[in-house]
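Observations on the three-dimensional arrangement
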Amino acid sequence: RGFGHVAALINLGQAEAAGGHTGRAAELQGEALALARAQGDIYLVAHARQYLAETHLRAGQDGQARSLLADSLDYVTSSGSTELVATILELSACVAAAGGDPRAARLRGAAEAVRDRAGLVTMPSRAGLLDRFVPADAGREAELEAGRRLTAPEALTLLRSSVL
C-alpha cells in the first residue's frame, strides 16, 4: 500500500468527482490522505489534500477546501515543487472567489504565470473549476495581469497573508 495505492485512490476520486459524485470522491481521497499520512510521505499528503480540497470546492464546501489548503501551505512553500505551488494558487483563487475576496483573480493570474514559466498546463478539470469560480473576463483583466507579474514567492506571500 505505497505510492501507487495512494495515487490510485486519488485518481479514482477524481473520476468520481468528474461524474458528479463528490461524496464518493471525498471518501476515496480521504482514504488516500489517511494512507499518505500513515506512510509519513509529506509529498503525497500535500497532493491528497489538494485533490480533496478540489473535490470540496466542487461540492460547494469552500470552508473545508480552505482548511485543507492551509494545512498544506507550509509544505508546498518549502517543497520546491512548481506543480504544487501552481495548484495551491489555483485552488486558493477558487476559495477566494467563493468567499467574495477580490484577490481571487490576482491569485489565478499568479498561478497562470507559475505554470507558464515552468511549461506546465492546467488540468482540464481544474481549468473548468477556475472558469466557474474566477472567469478570466474583461472585468478581471487588471487583477489577472497583476497576478501574472508576481513571482512564485510573492504569490505565496499574498496567499499566506490573505486567503489562507
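Structure's up top.
Okay, so let's go over this structure. Residues take numbers from 1 onward in each chain, read along the sequence in its written order. Whole-chain, interface and lining totals are the exception, using all residues; otherwise, since this is a predicted model, local features are given only for residues with pLDDT of at least 70 and side-chain atom pairs are given and counted only at 80 or more. Only heavy atoms go into the side-chain values, all of them from the structure, while hydrogens and water stay out.

Focus: the packing of helix H5 (residues 82–98) against helix H7 (residues 124–133)
In this analysis an axis means a line fitted to C-alpha atoms, helices contributing only their contacting stretch, and an angle means the value between N-to-C directions, from 0 to 180 degrees. Secondary structure elements are taken from DSSP: a helix is a run of H or I of four residues or more, a strand is a run of E of two residues or more, and numbering for both begins at the N terminus. Two numbers describe how H5 lies on H7: the axes approach to 9 Å, and their chain directions differ by 30°. The orientation of H5 with respect to H7, classified from their angle, is roughly parallel. Along this stretch, H5 crosses H7, giving a crossing that reads as left-handed. Residue-level inspection shows Glu83, Thr87, Glu90, Leu91, Ala93, Cys94, Ala97 and Ala98 of H5 in contact with H7, the latter providing Arg126, Leu129, Leu130 and Phe133. An angle below 35 degrees is treated as roughly parallel, one above 145 as roughly antiparallel, one from 65 to 115 as roughly perpendicular, and anything else as oblique. Here a crossing is called left-handed whenever its near helix is offset anticlockwise from the far helix by less than a right angle, and right-handed whenever the offset is clockwise. Throughout, a residue-residue contact means that at least one pair of heavy atoms, one from each residue, lies within 4.5 Å.

Overview of helix H2 (residues 22–39)
A helix's residues, less one, multiplied by 1.5 Å, set its expected span. A rise of 1.5 Å per residue sets the reference length of H2, with its 18 residues, at 26 Å; its end C-alpha atoms lie 25 Å apart and thus fit the reference within 8%. A simple rule labels every residue: compare its accessible area, found with a 1.4 Å probe on the protein chains alone, to the largest value its type can have, and call it buried under 20%, exposed over 50%, or partly exposed in between. Within H2, the full set of buried residues consists of Ala25, Leu28, Gln29, Ala32, Leu33, Leu35 and Ala36. Take H2 and look down its axis: the buried residues cluster within an arc of 165°, on one side only. Seen from the open side of H2, the exposed residues pointing more than 90 degrees away from its buried face are Glu27 and Ala38. The directions considered for the arc run from the helix axis to the C-beta atoms.

Side note on the pattern of salt bridges
By definition, a salt bridge exists where a carboxyl oxygen of Asp or Glu is found within 4 Å of a side-chain nitrogen of Lys or Arg. Under the defined criterion, the tally for this structure stands at 15 salt bridges. One salt bridge in this structure joins Arg126 and Glu54, with 2.7 Å as the shortest N-O distance. Residue Arg126 is found in helix H7, and its partner Glu54 is found in helix H3 (residues 42–58); the two are separated by 72 residues along the sequence. In this structure, Arg126 and Glu54 share a single accessibility class: buried. A salt bridge links Glu90 to Arg126; the shortest N-O distance between them is 3.6 Å. Taken together, the residues span a long stretch of sequence, with Glu90 in helix H5 and Arg126 in helix H7 at a distance of 36 residues. The pair formed by Glu90 and Arg126 is uniform in burial state, with each residue classed as buried. What emerges from the salt-bridge pattern is a single network uniting Glu54, Arg58, Glu83, Glu90, Arg115 and Arg126.

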